Amino acid sequence: MKKLKNSILQIILAIIVILALYACGQSQKEEHTPSPPITKAPPEPIIQEKLVSHPVTKKTRQTYQWYCTQCHGVKGKGDGINSPHVTVPPRNHTKASYLETRSDQELFDAISEGGLKIGRAPCMPSWGNTFDKETIWSLVRYIRELCKCEAV
Amino acid sequence: MKKNTKLLFLFLCVAFTNHLFNTAAYCQTIAEKLGCLECHRFSSSSDEKNRTAPDLFFAGDKFKKKWLVDFLQQPEIVRPGGFTLDPNFLTGAKIKGHQSVTEEEANQLADVLMKLTLKGFSKGIIDNIPLSKGKRAKSKIKFERTYGCTACHQAINLARKPRGGISGPSFINAGNRLQGDWIYDKLKNPRKYEPLSRMPIFKLSEEDFVSLTKYVLSQKKENIR
């Protein structure tokens, strides 16, 4: 009986030691390896299909006129009322020579997450909490309409 | 005893209704006389569109009384780009200044405006302790860079000069103008006070909501050099 008790105690002790060692190892590991940055989901491959399914509607134009025009101007020329007062001039959406160098996904990310997140001007705020994805995709389409250009 | 209580209750009810009615009626009279109602709404029930100035039915939650008294006598431009719902907004039309009133009228109006509050508005979330120097610098970066507030709102920059976009209300005197609890609630629920607002909706951490509110509160025109 006493032997059995001893062996049970020994097993419990062994488990505790193993657990303690494991925990130590883990905390050390955490200290040395910084947690990875939160990575965005990779862009989905079939962008063209998405754009076709989110065409420019009356709502798209109204959205652009209500929100975007404050900086990008009524005609999208980058001359809105805020434009003389911001450190980086707002993008001219009619300028094909620049906009053709940007992919649709990049335009989507700029609207959704703001300029800073994609390495552009911080004056462009993030609109991802204001508009749904469909609206943002249709705004991308609208910008393509304004610049009369597609990504090269 | 029971009868007395009932009578007292009845009296209180009558007094309260009377008080409400009088405030509303007085407010209506003075506001009508001065022409406030041509541009401002004093009730959420009136026509939502065709407004050319901000709503005032929550003025008591939003403004600081001293600022109201000063502003009504010597109006400053709060919205350099005009009011966002004004049909002239974005057209570059010159901003029509606010009319001024006498000191007595300003005091009377401010008294009335401070009584216009929303039911259930939570007070006391933002305390009076200003941001520490370090936290202020951090909040400045958030205001100007991380969230890009400065694209639409004027604030005082490092050189102590007003800088920033003009489509939103200016913050260069926001610390004197606004109550902290209101800024906090407005930032958290941007469509509650203006369903047709042109401002993006921000989903921030509680810490950022508070620190940005306190940053806006630190903006006072006497700090401009």
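Every chain's residues receive numbers from 1 upward, in the order its sequence appears when written. Chains and ligands are labelled sequentially in the order written, the chains with letters from A and the ligands with numbers from 1. Where totals are concerned, whole chains, interfaces and linings use all residues; where local detail is concerned, this predicted model gives features only for residues with pLDDT of at least 70, and gives and counts side-chain atom pairs only at 80 or more. The side-chain quantities take in all heavy atoms of the structure and omit both hydrogens and water.

(A) Just the overall build of chain A, in detail. By the criteria applied, helices consist of DSSP H or I runs no shorter than four residues and strands consist of E runs no shorter than two, each listed in order from the N terminus. From N to C terminus, chain A includes 6 helices and 0 strands. Counted from the first residue to the last, chain A has its helices and strands arranged as α-α-α-α-α-α. Note on exposure labels: buried denotes an accessible area under 20% of the residue type's maximum, exposed denotes more than 50%, and partly exposed covers the range between, all computed with a 1.4 Å probe on protein chains only. The buried share of chain A, reckoned over its 152 residues, is 36%. Every residue pair with non-hydrogen atoms within 4.5 Å of one another is taken to be in contact. At a minimum sequence separation of 6, the contacts of chain A that also span at least 24 residues come to 56%. Carbon together with sulfur atoms contributes 62% to the accessible area of chain A, which is approximately 10,200 Å² in total. Accessible surface area values rest on a Shrake-Rupley calculation with a 1.4 Å probe, where residue burial reflects the displayed protein chains alone.

(B) Broad picture of the packing of aromatic side chains. Side-chain rings of Phe, Tyr and Trp (the six-membered ring for Trp) are treated as a pair once their centres are within 6.5 Å; stacked means planes under 30 degrees apart, edge-to-face means over 60, and tilted covers the remaining angles. For the coordinates displayed, the defined rule picks out 15 aromatic pairs over all chains. A centroid spacing of 5.0 Å and a plane angle of 70° characterise the contact between Y64 of chain A and Y142 of chain A, whose relative ring orientation is edge-to-face. Within this pair, whereas Y64 of chain A is found in helix α3 (residues 58-72), its partner Y142 of chain A is found in helix α6 (residues 133-147), the two being separated by 78 residues in sequence. This pair shows no difference in class: Y64 of chain A is buried, exactly as Y142 of chain A is. Where F58 of chain B meets W182 of chain B, the ring centres are 6.2 Å apart and the plane angle is 15°; that geometry is what we call stacked. With a gap of 124 residues between them, F58 of chain B in the loop between α1 (2-34) and α2 (59-62) and W182 of chain B in helix α7 (residues 180-188) connect regions that are remote in the sequence.

(C) Region of interest: the environment of Y64 of chain A. All names here are of chain A. You can call Y64 buried: its relative accessible area is 1%. When the C-alpha atoms of Y64 and I143 are compared, they prove to be 9.5 Å apart, with 79 residues separating the residues in sequence. Ignoring sequence-local partners within four residues, the contact set of Y64 consists of T69, H72, G73, G76, H93, L139, Y142 and L146.

(D) Inspection of the interface of chain B and chain A at higher detail. Contact with chain B, which involves 25 residues of that partner, is made by 19 residues of chain A. The term buried area means the drop in 1.4 Å probe accessible area that two parts suffer when joined, counted for both and summed. For the pair chain B and chain A, the two sides together bury roughly 1,800 Å², of which 59% comes from carbon and sulfur. One speaks of a salt bridge when a side-chain nitrogen belonging to Lys or Arg is within 4 Å of a carboxyl oxygen belonging to Asp or Glu. Here chain B is connected to chain A by 0 salt bridges. Throughout this description, a polar contact denotes any pair of N or O atoms lying within 3.5 Å of each other; where both atoms belong to protein, one of them has to be capable of donating a hydrogen while the other can accept it, and for residues adjacent in sequence the pair is counted only when both atoms sit in side chains. For the pair chain B and chain A, the number of links is 8 residue pairs in polar contact (both at pLDDT 80 or more). At 3 residues, helix α5 (residues 133-146) of chain B tops the list of elements feeding residues into the side of chain B that touches chain A. Its residues assigned to classes, the side of chain B that touches chain A shows 12 nonpolar, 8 polar and 5 charged. Three classes are used, and their members are as follows: Ala, Val, Leu, Ile, Met, Phe, Trp, Tyr, Cys and Pro are nonpolar, Asp, Glu, Lys and Arg are charged, and the others, Gly among them, are polar.

(E) Inspection of a positive patch on the surface at higher detail. Residue and element names in this part refer to chain B. Residues with no salt bridge and a relative accessible area higher than 30% make up the patches, which join like charges within 9 Å and nonpolar side chains (Val, Leu, Ile, Met, Phe, Trp, Tyr) within 5 Å. When charges are counted, Lys and Arg are positive and Asp and Glu negative, with His and the chain ends excluded. For the purpose of locating charges, the reference atoms are NZ of Lys, CZ of Arg, CG of Asp and CD of Glu. Together, R160, K161, R163 and R225 line one region of the surface with positive charge. Take R160: it is sitting in the loop between β1 (155-156) and β2 (162-163). Residue classification places R160 among the partly exposed positions, given a relative accessible area of 37%.

(F) Representation of the pattern of salt bridges within the structure. Counted under the stated rule, the structure contains 15 salt bridges over all chains. A salt bridge links D104 of chain A to R144 of chain A; its shortest N-O distance comes to 2.7 Å. One end of the pair, D104 of chain A, is in helix α5 (residues 104-113); the other, R144 of chain A, is in helix α6, with 40 residues separating them in the sequence. We note that D104 of chain A, like R144 of chain A, is buried. Overlapping salt bridges bring together R41, R51, D55 and E194 of chain B as one network.

(G) Representation of the state of the cysteines within the structure. Residue and element names in this part refer to chain A. Disulfides are defined as cysteine sulfur pairs within 2.5 Å. Evaluated as defined, the whole model comprises 1 disulfide over all chains. Across the disulfide, C147 is cross-linked to C149 (sulfur-sulfur distance 2.1 Å). Judged by the sign of its S-S torsion, about -85°, the cystine formed by C147 and C149 is left-handed. Taken individually, C147 and C149 each receive the classification buried, so the pair is uniform in this respect. With no disulfide of its own, C68 lies 9.2 Å from the sulfur of C71, the closest cysteine sulfur. Looking at C68, the relative accessible area reads 18%, which means it is buried. Its sulfur unpaired, C123 is 7.8 Å from the next cysteine sulfur, which belongs to C71. Given the relative accessible area of 11%, C123 is considered buried.

(H) Representation of unusual backbone geometry in the model. All names here are of chain B. Even without glycine at this site, L90 takes up a positive phi of about 80°. Along the chain, L90 turns up in the loop between α3 (65-73) and α4 (103-113). Positive phi, normally seen in glycine, also occurs at R160, with a value near 60°.

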